[in-house]
Amino acid sequence: MIITEQNKNGNAFDETRSFAVSGNNKPKPAQNPNRRPAPTRDTSAPQRKPAPQAANTGTQSQRRPAPQGSTSVRPVSEQPKAHPTQDKVTKPVPTAAPTGQASDRAHGTSVATRKPTPRSTVNPQAAELRVPANHATVSEGEQTTKPVPAEVKLQMMNTKSPANVAPAPKKHDYVDEAQEGSGEGGNTVISILKAVVYIVFVCVVSAFLAVTVIFVANDVFAFVKDDKAVEVVLPDNVTLDRLAEILHENDVIEYPSVFKLYAKVKKDNQKYIGGTYTVNPTMNYSFLLAEFKEKIDYGTIRITIPEGFTTDEIIDLFVSNGIGTRDGFVDAIENGEYNYWFIEELEANGINESRIYRLDGYLFPDTYDFYKSSSEKTVINKLLKRFGQIFTKEHREQCAMMGYTVDEIVTLASIIEKEAANSAEFFKVSSVFHNRLNNPWVFPKLESDATVVYAIHHETGERDVNLNYDSPYNTYKFDGLTPGPIANPSASAMLAALLPNETNYYFFYAYGGTTYFSETKAEHDAIIEKFRNQAAQSQQNVPAN
């Protein structure tokens, strides 16, 4: 495409710019009738070398003007090679003058002196500047510029190097701004509508759930209900389902299913007694469930367990005072789970199969206050807790120093408790048993009458002394300690078992509330013979009826 700019006189052109346009369907620019044909450059003539470039300091560099009528020709070897698609020497279209390039104008002649662009960055279709050798020029101040059409500007942009200028967007890349804004606005409106619908849905569901919870809670806990007496009749052996229906039919409750669920969560025993009852809607579910059962006495009772009581005697004591049942106590003693170190140690060491009760010796005798409605496990747990308070860490350490387990010391303390006539004799009696246990090759058996009595009483209910009774608790027939305690010892008896007196006693005999100790078998037999003779004489003096 050719753009011609005339000088002020209108008789010459300043510059002619030629653009190579790719494509066969693009329109060719109209020919200027005043345009002179471009002279053919003689390639055989010597060519002028490019003028050295000067730094851009704000002033134009000067050089000697070429003589008029002469043509400055660059050597062929120094001329830039033409693109294969063109047969003329071309130069890139000058845009803004880069740093280090100057524009020389002398004697009205304007010559571009920019170095040719390296071949690797030249667009084959780049515009080329072609200047006729014999055309007249005007000074820079006299030059005028014609406005460039828009389509020419666009084509000039297309001819710039792709490395420096981004390619022009294709037709389909252009989007109507009004149309694009309309689409985004439509999406925004839809998003807002969705958000509003979601919020409304959440609010409706939340309100529904809140109202439901309020009504159900009011029925369960009877916050705001009519205060009126209602008479209901329950048949014998009524079930939970039928009870809920009866209460609903009489407007006592509003949600039978919730009532049944509440009873199951509370683990209600569902032992309802038939009859006629007067109830009130202001009664909550807990009161209603309790109303149709046997009334429980929530009063308290104080019970004192004597020192040395056996486990059977303790069970009978509680049952006789209206607390629990025998079977319930036996189950709590044998199978109940309790979190105490001495129970864990007992089970870790292994429980003798011949042991009568698992918790024998640990039901500490003391005075307690209980609710009459207390369960058997609650009672046993309270006794075990008290044992843990009495049998301290120091007691436990003393057991280890003596080479005994806690259960063995408790077993020995129970035998001491039953054999001694009073607590003052505990430490002497303890010395006798310790002396025998420490000399098993001489005295392998403890020979305690109390151990035999315990086994006979538990199995027959009779208190009898039968030294030939076949039981592991018979210390006349079996060596060492019994399989377990024979009673629940006091704190004094346990202390005596841990701290026995230092004696040489191996025998003792209790008669008339007094205990007699002996070091040898002969002394022991003599004491027994003495008191037997006294008993025989006293019986002879008794008048016959």
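Structure first, text after, so check above.
Residues numbered from 1 in each chain as written. Predicted model: local features only at pLDDT ≥ 70, side-chain atom pairs only at ≥ 80, totals over all residues. Heavy atoms only, no water.

**A look at the overall build of the chain**
And then number 1: On a plain count of helices and strands, the chain comes out with 15 helices and 11 strands.
And then number 2: Counting the 545 residues in the chain, one finds 33% classified as buried.
And then number 3: The long-range share in the chain, meaning contacts at least 24 apart out of those at least 6 apart in sequence, stands at 66%.
And then number 4: Taken as a whole, the chain presents about 33,900 Å² of accessible surface, with 53% of it coming from carbon and sulfur. (Helix = DSSP H or I, 4+ residues; strand = E, 2+ residues; numbered from the N terminus. Buried < 20%, exposed > 50% of the residue type's maximum accessible area, 1.4 Å probe, protein only. Contact = heavy atoms within 4.5 Å. Areas by Shrake-Rupley, 256 points an atom, 1.4 Å probe, with all protein chains shown as cover.)

**What to know about unusual backbone geometry**
Glycine aside, negative phi is the norm for most residues, and most peptide bonds take the trans geometry.
And then number 1: For Lys-267, which is not a glycine, the phi torsion comes out positive at approximately 55°.
And then number 2: The class for Lys-267 is exposed, based on a relative accessible area of 74%.
And then number 3: Phi is positive for Gln-270, close to 60°, though the residue is something other than glycine.
And then number 4: One can find Gln-270 in the loop between helix H4 (256-265) and strand E7 (275-279).
And then number 5: By relative accessible area, Gln-270 is classed as partly exposed at 35%.

**A few points about the side chain of Glu-419**
And then number 1: In this fold, Glu-419 is placed in helix H11 (residues 406-419).
And then number 2: The buried charged residue Glu-419 lacks any salt bridge, with Arg-436 as its nearest oppositely charged partner at 10 Å.
And then number 3: At 3.3 Å, the side chain of Glu-419 forms a polar contact with the backbone nitrogen of Ala-450. (Lys, Arg positive; Asp, Glu negative; His and termini not counted. Salt bridge = Lys/Arg side-chain N within 4 Å of Asp/Glu carboxyl O. Polar contact = N/O pair within 3.5 Å; in protein donor to acceptor, adjacent residues only side chain to side chain.)

**Thoughts on the nonpolar core**
And then number 1: Phe-318, Phe-370, Ile-380, Leu-383 and Leu-384 are the most contacted members of the largest nonpolar core, which totals 60 residues.
And then number 2: Take this core: its biggest share by element is 7 residues, from H11.
And then number 3: Excluding residues that lie within four positions of it along the chain, Phe-318 makes contacts with Ile-303, Ile-305, Ile-323, Phe-329, Phe-370, Val-379 and Leu-383.
And then number 4: Listed in part, the 23 residues of the second largest apolar core include Val-230, Leu-240, Met-283 and Leu-289. (Core = buried A, V, L, I, M, F, W, Y, C linked by side-chain atoms within 4.5 Å.)

**Quick notes on the packing of aromatic side chains**
And then number 1: Scanning the model with the defined rule gives 22 aromatic pairs in all.
And then number 2: Ring geometry for Phe-342 against Phe-387: centres 4.8 Å apart, planes inclined by 65°, an arrangement best described as edge-to-face. Of this pair, Phe-342 sits in helix H8 (residues 341-349) while Phe-387 sits in helix H9 (residues 376-390); the two residues are 45 residues apart in sequence, bridging distant segments of the chain. Across the pair, exposure class does not vary: Phe-342 and Phe-387 are buried alike.
And then number 3: Here Tyr-362 and Phe-387 contribute two aromatic rings whose centre-to-centre distance is 5.0 Å and whose plane-to-plane angle is 70°, an arrangement assigned as edge-to-face. (Phe/Tyr/Trp six-rings, centres within 6.5 Å; stacked < 30°, edge-to-face > 60°.)

**Side note on the pairing of strand E10 (residues 507-511)**
Successive side chains on a regular strand alternate, one facing one side of the sheet and the next facing the other.
And then number 1: Two elements, E10 and strand E11 (residues 514-518), share 5 bridges in a ladder whose sense is antiparallel. What sits directly across from Tyr-509, in E11, is Tyr-516.
And then number 2: The turn linking E10 back onto E11 is made up of 2 residues, and Gly-512 within it adopts a positive phi angle of 65°. (Pairing = 2+ DSSP bridges.)

**Points about the pattern of salt bridges**
And then number 1: What the rule picks out here adds up to 16 salt bridges.
And then number 2: A salt bridge links Arg-302 to Asp-369; the nearest nitrogen and oxygen atoms lie 2.7 Å apart. One end of the pair, Arg-302, is in strand E8 (residues 300-304); the other, Asp-369, is in strand E9 (residues 367-371), and 67 residues separate them in sequence.
And then number 3: One salt-bridge network, held together by shared partners, links Arg-242, Glu-245 and Glu-249.

**Examining the packing of helix H3 (residues 240-249) against H4**
And then number 1: Where H3 contacts H4, the two axes come as close as 9 Å, and the packing angle between them is 140°. Considering their axes alone, H3 and H4 lie oblique with respect to each other. Here H3 runs over H4; the crossing is right-handed. Every residue of H4 that contacts H3 at Leu-240, Asp-241, Leu-243, Ala-244, Leu-247 and His-248 is listed here: Pro-256, Phe-259, Lys-260, Ala-263 and Lys-264. (Axes fitted to C-alpha atoms, helices over the stretch in contact; angles between N-to-C directions. Parallel < 35°, antiparallel > 145°, perpendicular 65-115°, else oblique. Left-handed = near helix turned anticlockwise from the far one by under 90°.)

**Notes on the side chain of Asp-312**
And then number 1: By the secondary structure assignment, Asp-312 is in helix H6 (residues 311-320).
And then number 2: Since its relative accessible area comes to 8%, Asp-312 is described here as buried.
And then number 3: Separated by 2.8 Å, the side chains of Asp-312 and His-458 make a polar contact.
And then number 4: Ignoring sequence-local partners within four residues, the contact set of Asp-312 consists of Arg-326, Tyr-357 and His-458.

**A word on a nonpolar patch on the surface**
And then number 1: Together, Tyr-198, Ile-199, Phe-201, Val-202, Val-205, Phe-208 and Leu-209 make up a nonpolar patch on the protein surface, roughly 720 Å² of accessible area in all.
And then number 2: Counting through the fold element by element, Ile-199 comes out in helix H2 (residues 177-221).
And then number 3: By relative accessible area, which is 49% here, Ile-199 ends up partly exposed. (Patch = residues over 30% accessible without salt bridge, like charges linked within 9 Å, V, L, I, M, F, W, Y side chains within 5 Å.)

**Details of H11**
Note: α-helices contain 3.6 residues per turn, so residues at a spacing of three or four share the same orientation.
And then number 1: Between its terminal C-alpha atoms H11 stretches 20 Å, which fits the 20 Å expected from 14 residues at 1.5 Å a residue.
And then number 2: Of all 14 residues that make up H11, 12 are buried, and the element is covered over most of its length.
And then number 3: Turning to H11, its buried residues number three or more, namely Val-406, Asp-407, Ile-409, Val-410, Thr-411, Leu-412, Ala-413, Ser-414, Ile-415, Ile-416, Glu-417 and Glu-419. (Expected span 1.5 Å × (residues − 1).)

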